[in-house]
Amino acid sequence: MGKVLLIEPDRIVKQAISLLLFSHHEVQDEASSQATDIDALKEYDLLIVDGSALRDRNQLTKEFTRTIQHCGISTLWLEEDESQRPFKREKLLIVKKPIERETFLSALNSLLSPETLKKAGAGVVASRGRKGQKQKEPELIELLDVVDKQPLPK
């Protein structure tokens, strides 16, 4: 199980990503990007940063960007426009928003190397069937099921 830090200011997107990663990774979210420093980031295997949402809320500071750039941790950067690349370094992948599930999972799997997963004690991240076997379709979760806080009828 990989340890992932999710820096996402949008509550619905945060919940959707957390639910997607829930069964294979330990996901922690950082409510404020201002609280991250290099020493605190070293305990994570992967950072997921929504750069465009932080920029829209004026939370994408130069100091925060510099911290992410120099931390050396695998980073999955979410961006509406791929040309808005904040910096260049190894272990940085940009996923264009709106997020497509397969693209996101592919980027996640390429950043979380087998060595990282073995260190964390996890198995294979993506389920792979034997050749010729049909894969069971995953059950979809509606965002309204997650976000709607009305009590269920008795």
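Conventions adopted
Residues numbered from 1 in each chain as written. Predicted model: local features only at pLDDT ≥ 70, side-chain atom pairs only at ≥ 80, totals over all residues. Heavy atoms only, no water. Helix = DSSP H or I, 4+ residues; strand = E, 2+ residues; numbered from the N terminus. Buried < 20%, exposed > 50% of the residue type's maximum accessible area, 1.4 Å probe, protein only. Contact = heavy atoms within 4.5 Å. Areas by Shrake-Rupley, 256 points an atom, 1.4 Å probe, with all protein chains shown as cover. Pairing = 2+ DSSP bridges. Axes fitted to C-alpha atoms, helices over the stretch in contact; angles between N-to-C directions. Salt bridge = Lys/Arg side-chain N within 4 Å of Asp/Glu carboxyl O. Arc of directions from axis to C-beta. Parallel < 35°, antiparallel > 145°, perpendicular 65-115°, else oblique. Left-handed = near helix turned anticlockwise from the far one by under 90°. Nonpolar A, V, L, I, M, F, W, Y, C, P; charged D, E, K, R; others polar.

Explain the overall build of the chain here, please?
Tallying secondary structure elements over the chain gives 7 helices and 5 strands in all. Its helices and strands in sequence order give the chain the pattern β-α-β-α-β-α-α-β-β-α-α-α, from N to C terminus. Of all 154 residues assigned to the chain, the portion counted as buried reaches 34%. Contacts in the chain between residues at least 24 apart in sequence constitute 59% of all its contacts with a sequence separation of at least 6. Entry remark: accessible area of the chain is about 10400 Å², with carbon and sulfur atoms responsible for 49%.

Where do I start with the sheet that holds strand β5 (residues 92-96) in this structure?
Backbone hydrogen bonds hold the strands of a sheet together, and the pairing may be parallel or antiparallel. As summarised here, the arrangement of the 5 strands in space is β2-β1-β3-β4-β5, forming an open sheet in which the pairing is parallel. Two strands lie at the open edges of the sheet, namely β2 (25-29) and β5, each paired on one side alone. On average, adjacent strands in this sheet sit at an angle of 20 degrees to one another, irrespective of strand direction. Across the sheet, helix α4 (residues 62-71) lies against β1 (2-7), β3 (46-50) and β4 (74-79), angled at about 150 degrees from β3, the strand it touches most.

Is there a simple way to explain the pattern of salt bridges in this structure?
Close approach of charged atoms allows side chains of opposite charge to pair. Counting across every chain of the model gives 4 salt bridges. For E43, the salt bridge identified is with K3, shortest N-O distance 2.9 Å. Pair noted here: E43 is in the loop between α2 (38-41) and β3 and K3 is in strand β1, with a separation of 40 residues, a long-range link. Assessed through its relative accessible area of 44%, E43 is described here as partly exposed. The partner of K14 in a salt bridge is D29, with the nearest N and O atoms 3.6 Å apart. Highlighted residues: K14 in helix α1 (residues 11-21) and D29 in strand β2, separated in sequence by 15 residues. D29 gets classed as partly exposed once you look at its relative accessible area, which sits at 42%.

Looking at this structure, I do not really get the pairing of β4. What am I missing?
For a regular strand, the rule is simple: side chains alternate between the two faces of the sheet. Here β4 lies mainly inside the structure; 6 of its 6 residues are buried. Side-chain alternation along β4 places S74, L76 and L78 on one buried face and T75, W77 and E79 on a second face that is also buried. One ladder, built from 5 bridges, connects β3 with β4; its direction is parallel. The residue of β4 that forms the bridge with L47 is T75. Bridge analysis of β4 against β5 gives 5 bridges, and the strand direction is parallel. Bridging across to β5, L76 finds its partner in L93.

Honestly, helix α5 (residues 101-111) in this entry has me stumped. Any pointers?
Taken together, the buried positions of α5 are F104, L105, A107, L108 and L111. An end-on view of α5 places all buried positions within 160 degrees of arc, on one side of the element. At its buried positions, α5 is contacted by α1, β2, β3, β4 and β5.

Would you mind showing me how to read the environment of L20 here?
By secondary structure assignment, the location of L20 is in helix α1. We classify L20 as partly exposed; its relative accessible area is 24%. Along the sequence, L20 and L105 sit 85 residues apart, while their C-alpha atoms lie 9.1 Å from each other. With sequence-adjacent residues up to four places away left out, L20 is seen in contact with R101, F104 and L105.

Which parts of the structure should I look at to understand the packing of α1 against α5?
A pair of packed helices is characterised by two quantities: the angle between their axes and the separation of those axes. Contact geometry for α1 and α5: axes closest at 12 Å, N-to-C directions at 60 degrees. Regarding the angle of α1 to α5, the classification is oblique. Where α1 crosses over α5, the handedness of that crossing is right-handed. Contact with α1, carried on its side by I17, L20 and L21, involves R101, F104, L105 and L108 of α5 and no other residues of that element. Here the residues of the contact of α1 with α5 are counted per class, giving 6 nonpolar, no polar and 1 charged.

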